[in-house]
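Letter by letter, the chains look like this.
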Amino acid sequence: MARLVSFTEETTEEAAALLRAGALVSFPTETVYGLGANALDEGAVASIYAAKDRPSFNPLIVHVPDNETARRYARFSDLAERVAAALWPGPLSLVLPRTKDCPLSKLVSAGLDTVAIRVPASAPARRLLVAARVPVAGPSANKSGRLSPTEARHVADGFGDEVAMVLDGGTCVVGLESTVLDLSTETPTLLRAGGVTHEALEEVIAAPVSVAGVDDTAPKSPGMMSRHYAPRTPLRMNASEVKRGEALLGFGGNKGAVADLSPAGDLVEAAANLFRMLHEFDGEGYAGIAVAPIPESGLGRAINDRLRRAARG
Ligand code: TXA
Ligand code: MG
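Residues numbered from 1 in each chain as written. Chains lettered and ligands numbered in written order. Predicted model: local features only at pLDDT ≥ 70, side-chain atom pairs only at ≥ 80, totals over all residues. Heavy atoms only, no water.

Undergrad: What is the right way to look at the packing of aromatic side chains in this model?
TA: To describe a pair of aromatic rings, you give the distance between the ring centres and the angle between the ring planes. Considering all chains together, one arrives at two aromatic pairs under this definition. Between Phe76 and Trp88, the ring centres sit 6.0 Å apart and the planes meet at 70°, which makes this aromatic pair edge-to-face. Of this pair, Phe76 sits in the loop between helix 3 (67-73) and helix 4 (78-87) while Trp88 sits in the loop between helix 4 and strand 5 (92-97), and the two are twelve residues apart along the sequence. Here the two residues Phe76 and Trp88 agree in accessibility, since each one is buried. Measuring from centroid to centroid gives 5.8 Å for Phe281 and Tyr286, while their planes differ by 55°, and the two rings are tilted. The exposure class assigned to Tyr286 is partly exposed, which follows from its relative accessible area of 25%. (Phe/Tyr/Trp six-rings, centres within 6.5 Å; stacked < 30°, edge-to-face > 60°. Helix = DSSP H or I, 4+ residues; strand = E, 2+ residues; numbered from the N terminus. Buried < 20%, exposed > 50% of the residue type's maximum accessible area, 1.4 Å probe, protein only.)

This is the structure:
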């Protein structure tokens, strides 16, 4: 098990020093726990792929403490400036062209001329990024294709000493990964539904935002790989009854549910609970997980996207 420490000023400084030295540190953001490495250090970034058993064509998100730092690494159009001003810090990653002579690792972009960059909102993440003084590459801190971690112990359980430290900052409040918005092309494209809703993006952009299709080969949206976010237990969606051996994951107060994503039918609460409850169900040895219908609006779209992938896995 990887070393788990609670988030304090002292452990943050220690984590920052480990990052600068090229080690992997898992840190909490408001979305999910990240597996961080110094994004200027090609070797450190490579060790993320190794630790995650991740297909190397999947590019990573680079975390920075503020918008000004982001501009060092990515070229912001007027539109990108507007979106960043409105929605950062927050659960949004922007895909933008790399700056000329961008010092970021090439591997972080997996060979593309763009980079996904994010200013997270959670206090532990921001303090760590300020202390690190280097940009931090960070995919979700799970083995490739497995559920994303929303608690520090999910990370500690999944990794050994290839991760130098897991900073415990409590439960992630959003509980779903960041929305990935591609602003590197003519038309803004949603590559991954996440913590910022499609509706919120269209409101800021004041124009329709298209959604990238599920395409396993398109290098622009490798995160849309259909086998992703899979628990080990078979999962099905839109369940109205449970079959033998199955456990029901409810929404809005279903009778007989083992757990309910949100008894009150609140999508924000459901998002925050999703991965934790799937982790819990996965450990119980059920024959299957049956998930009650989730409305396809607001954060419900991101929740259903994760569930569809889990159902296919
Ligand atoms: O909430 C999150 O986004 C978490 C926290 C730790 O920040 N990170 C995360 O990273 O979920 P990861 O590596 O699991 O997902 C990154 C997503 C993938 O879908 C990847 O394909 C996409 O971002 N992505 C990264 N760089 C890209 C690029 N240059 N072009 C297109 N997509 C990119
Ligand atoms: Mg991930």
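Undergrad: Could you clarify how one ought to interpret the sheet that holds strand 11 (residues 210-211) in this entry?
TA: By definition, the strands of a sheet pair up through backbone hydrogen bonds, in either a parallel or an antiparallel sense. The strand order 1-8-2-3-7-4-6-5-9-10-11 describes an open sheet built from eleven strands, whose pairing is mixed. Looking at the sheet topology across the chains shown, the edges are occupied by strand 1 (4-6) and strand 11. In this structure, strand 5 lies alongside strand 9 (residues 179-182), joined through four bridges in parallel fashion. When the bridges of strand 9 are listed, Leu94 appears paired with Leu181. Sitting on the sheet, helix 1 (residues 9-20) is in contact with strand 1, strand 2 (25-28), strand 3 (33-38), strand 7 (136-137) and strand 8 (165-168), with an inclination near 145° to strand 8. (Pairing = 2+ DSSP bridges. Contact = heavy atoms within 4.5 Å. Axes fitted to C-alpha atoms, helices over the stretch in contact; angles between N-to-C directions.)

Undergrad: Where do I start with the packing of helix 1 against helix 5 (residues 123-132) in this structure?
TA: Each packed pair of helices is defined by two parameters, the angle between the axes and the distance between the axes. Orientation of helix 1 relative to helix 5, taken along the N-to-C sense of each, is 55°, at an axis distance of 8 Å. Classified by the angle between their axes, helix 1 and helix 5 sit oblique to one another. Handedness of the crossing formed by helix 1 with helix 5: right-handed. Contacts between helix 1 and helix 5 involve Thr12, Glu13, Ala15, Ala16, Leu19 and Arg20 from the former and Arg127, Leu128, Ala131 and Ala132 from the latter. The residue inventory of the contact of helix 1 with helix 5, partitioned by class, reads six nonpolar, one polar and three charged. (Parallel < 35°, antiparallel > 145°, perpendicular 65-115°, else oblique. Left-handed = near helix turned anticlockwise from the far one by under 90°. Nonpolar A, V, L, I, M, F, W, Y, C, P; charged D, E, K, R; others polar.)

Undergrad: What should I look at first to understand helix 1 in this one?
TA: Counted at 1.5 Å a residue, the expected span for helix 1 with its twelve residues is 16 Å, and the 17 Å between its end C-alpha atoms agrees. Those residues of helix 1 that fall on the buried side of the exposure criterion are Thr11, Thr12, Ala15, Ala16 and Leu19. Seen from one end, helix 1 has its buried residues packed into an arc of 145°, which puts them on one side. Here the buried face of helix 1 lies against strand 1, strand 2, strand 3, helix 5, strand 7 and strand 8. With a side-chain oxygen positioned 3.3 Å from the backbone nitrogen of Glu10, the residue opening helix 1 is Thr8. Phi turns positive one or two residues past the end of helix 1, at Gly22, with a value near 100°. (Expected span 1.5 Å × (residues − 1). Arc of directions from axis to C-beta. Polar contact = N/O pair within 3.5 Å; in protein donor to acceptor, adjacent residues only side chain to side chain.)

Undergrad: Honestly, the side chain of Ser148 in this entry has me stumped. Any pointers?
TA: Checked against the element boundaries, Ser148 lands in the loop between strand 7 and helix 6 (152-158). Exposure remark for Ser148: the relative accessible area of 1% places this residue in the buried category. Only 2.3 Å separates the side chain of Ser148 from the side chain of Glu177, close enough to count as a polar contact.

Undergrad: Explanation requested: the nonpolar core in the structure shown.
TA: Across soluble globular proteins, nonpolar side chains show a tendency to be buried alongside one another. If you look at the biggest cluster of nonpolar residues, it comprises 47 residues, and the most contacted ones within it are Phe76, Trp88, Leu92, Leu94, Val108 and Leu181. Of all the elements in the fold, those that place two or more residues in this core are strand 3, helix 2 (42-52), helix 3, helix 4, strand 5, strand 6 (114-118), helix 6 and helix 7 (198-205). Counting residues per element, this core draws most heavily on helix 2, which supplies five residues. Apart from residues no more than four positions distant in its own chain, Leu181 is found in contact with Val83, Leu92, Ser93, Leu94, Val95, Pro188, Thr189, Leu190, Leu201, Ile205 and Val209. Core analysis: the next-biggest nonpolar cluster, separate from the first, contains 27 residues, Leu147, Leu261, Leu267 and Ala302 among them. (Core = buried A, V, L, I, M, F, W, Y, C linked by side-chain atoms within 4.5 Å.)

Undergrad: Looking at this structure, I do not really get the environment of Phe275. What am I missing?
TA: Tracing the backbone shows Phe275 in helix 8 (residues 267-282). Distance from Phe275 to Thr150, taken between C-alpha atoms, is 6.7 Å for residues 125 residues apart in sequence.

Undergrad: Quick question: what am I supposed to make of unusual backbone geometry here?
TA: With glycine set apart, most residues show a phi of negative sign, and most peptide bonds adopt trans. Residues Trp88 and Pro89 are joined by a peptide bond in cis, for which omega reads -10°. Locating Pro89 in the fold gives a position in the loop between helix 4 and strand 5. Positive phi outside glycine occurs at Asp101, with the angle close to 55°. Here Asp101 shows up in the loop between strand 5 and strand 6. Asp101 sits in the exposed class, given a relative accessible area of 69%. Positioned with a positive phi, Arg133 is a non-glycine residue whose angle comes to about 60°. With respect to the secondary-structure elements, Arg133 resides in the loop between helix 5 and strand 7. Taking relative accessible area as the criterion, Arg133 reaches 63% and is therefore assigned exposed.

Undergrad: I keep staring at the sheet that holds strand 15 (residues 288-291) and nothing clicks. Help me out?
TA: Read from one edge to the other, the open sheet built from four strands follows the order 12-15-13-14, with strand pairing classed as parallel. Each of the sheet's edge strands pairs with one partner strand only, and the pair in question is strand 12 (235-236) and strand 14 (259-260). Here strand 12 pairs with strand 15 via two bridges, running parallel. Considered in strand 15, the bridge of Leu235 is made with Ile289. This element, helix 8, spans strand 12, strand 13 (246-250), strand 14 and strand 15 of the sheet and lies at about 165° to strand 13.

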